[in-house]
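Structure at a glance
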Amino acid sequence: MASSSLVFRLHDRGPELVRKVLLERGWKEYDGGEQEEEDWNLYWRASAFRSSDYHNLLPWQRLNHHPKTVGITRKDCLVRNLRRMRATFRSSLYHFSPAAFILPNDHTRFLSEYTRRRQTGGWSAYWICKPVDLSQGRGIFIFEDYKDLIYDSSVVIQRYISNPLLISGYKFDLRIYVCVKNFHPLTIYMHQEGLVRFATDKYNLSSLDNLYAHLTNTSINKLGPFYTTNKERVGQGCKWAMNKFRCFLRSQGINELLLWQKINNIVTLTLLSIAPSVPSSPNCVELFGFDVLIDSKFKPWLLEVNSSPALTLDCQVDVTVKKGLISDLIDLMNYRSIDSLRERAYRKQLPRYHASQTSRFSTPVATFKELKSQKTSGSRATLNASQHKLDVKLVIQELHKLTCQLASGCSQSDKTRRREEGDGKKDEGVRTSDGEEDFESLLWGPKDPPLLSQCFPSS
């Protein structure tokens, strides 16, 4: 017999944050000893699901991973897919990932590129080596001289961005949380909050072996000697919430709209590299963690994509950001009508069609067009991607056009003047410059849109 409450199922008893958020919202945890095998609404696990898990899904059930997304979440697969997209579309928009090589297969190509850059000298001569199947900074090292390259498994060698933007001398990157609700149509949400992850020792190219100065992984830096010290401007620990970073950008007079649009481009273009090959799975949703580094010229670079971004709570910033993130993600699933279906199926023994066999029981997927009036994230380019048939080339053209419009028509002085003179007009939905209306609903930095939970009023 199905219970009246929504039921969640966690693989290997974790993550604890998901359990806590769902229990606080009135959900019940699945108990295999008392409930039937299929009596659950959400199954959450860190690792990938089996093909049979997707095939056997019932209409009221959701999984927290889409099938076949390893094409961007494994380092070597990401390199191959972005390389293919650059070669196919010849778009400058795809120049957001540093030159990369998969060793040992690309050894000759890497050696040629290494020699060429070595001859030119300067900041381009540094490289970072990453094992393809490890996470949390394990096995990573930085080198300048080829003789220091030692590896015993498949690795990705990537040009090291050696001119990062620094805050009081400390290197940092951005953890951007992205939810893909569907690949068919492609429906992407970027969460308004995120993490700014700092190295805990001051950046110094003369000490490449000092991981506390060059890597921003929390798992590494929380073990460093300066983690608990009150570092200049950064403070204690190694994290900021994204809203604090937005304040920093404003204090530096940075063109926020252009920066966030470039980050949005990175997210969209990366997902487009796998979207046509991901099977339609309307009963799945996936949270990705995009790691983006900004260089001293304010160009964002994609470092990697995480399929199960860490949900551990190491500090108060984690509590604030991640708890809100999971709560908003659950809101985005919109379970209000699904539990009654599950309950009827068990009480009345209705035929339990698999999700892959029929769509009439599935909750309709809200596209950006439907949600824009509720002030959730969206853009013209993503709307084009969300049509019945995905036209990757058209989306890339739209992103390029929108970025060029923003770069040429939205100077910092113009934004400052409009902020002072036109706040009221913005609230009324008045277009303030050509093309800008398309970005304001998407870019959470300048506009501070409401939480997703505020976009779905309770019934």
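Residues numbered from 1 in each chain as written. Predicted model: local features only at pLDDT ≥ 70, side-chain atom pairs only at ≥ 80, totals over all residues. Heavy atoms only, no water.

**Quick look at the environment of Ser-168**
What counts is decided by this rule: Helical segments are the DSSP runs of H or I of at least four residues, strand segments are the runs of E of at least two, and each set is numbered from the N terminus. In this analysis, two residues are considered to be in contact whenever any of their non-hydrogen atoms come within 4.5 Å of each other.
With respect to the secondary-structure elements, Ser-168 resides in the loop between strand 9 (166-167) and strand 10 (170-183). Along the sequence, Ser-168 and Glu-232 sit 64 residues apart, while their C-alpha atoms lie 6.3 Å from each other. Filtering out sequence-adjacent residues up to four positions away, Ser-168 remains in contact with Lys-202, Glu-232 and Arg-233.

**Section: the nonpolar core**
Applicable threshold: Grouping buried Ala, Val, Leu, Ile, Met, Phe, Trp, Tyr and Cys residues that are joined through side-chain atoms within 4.5 Å yields what is termed a nonpolar core. Burial status follows relative accessibility: with a 1.4 Å probe on protein chains alone, a residue under 20% of its type maximum counts as buried, one over 50% as exposed, and anything between as partly exposed.
Counting residues in each nonpolar core, the largest one holds 51 residues, and the members touching the most others are Leu-174, Val-178, Phe-245 and Leu-271. Put simply, the parts of the chain that give this core at least two residues each are helix 4 (75-89), strand 10, strand 11 (186-198), helix 8 (242-251), helix 9 (256-272), strand 13 (286-294), strand 14 (300-306) and helix 14 (392-409). Ranked by residues supplied to this core, first place goes to helix 9 with eight residues. Ignoring sequence-local partners within four residues, the contact set of Phe-245 consists of Ile-167, Phe-172, Leu-174, Val-196, Trp-240, Trp-260 and Ile-294.

**A short note on the pairing of strand 14**
To keep things clear, this is the line we draw: Between any two strands, pairing holds if DSSP finds at least two bridges.
Most of strand 14 sits out of view: seven of its seven residues are buried. Relative to strand 14, strand 13 runs antiparallel, the two sharing six bridges. What sits directly across from Val-292, in strand 14, is Leu-302. Joining the antiparallel neighbours strand 13 and strand 14 is a turn of five residues, in which Phe-298 adopts a positive phi near 65°.

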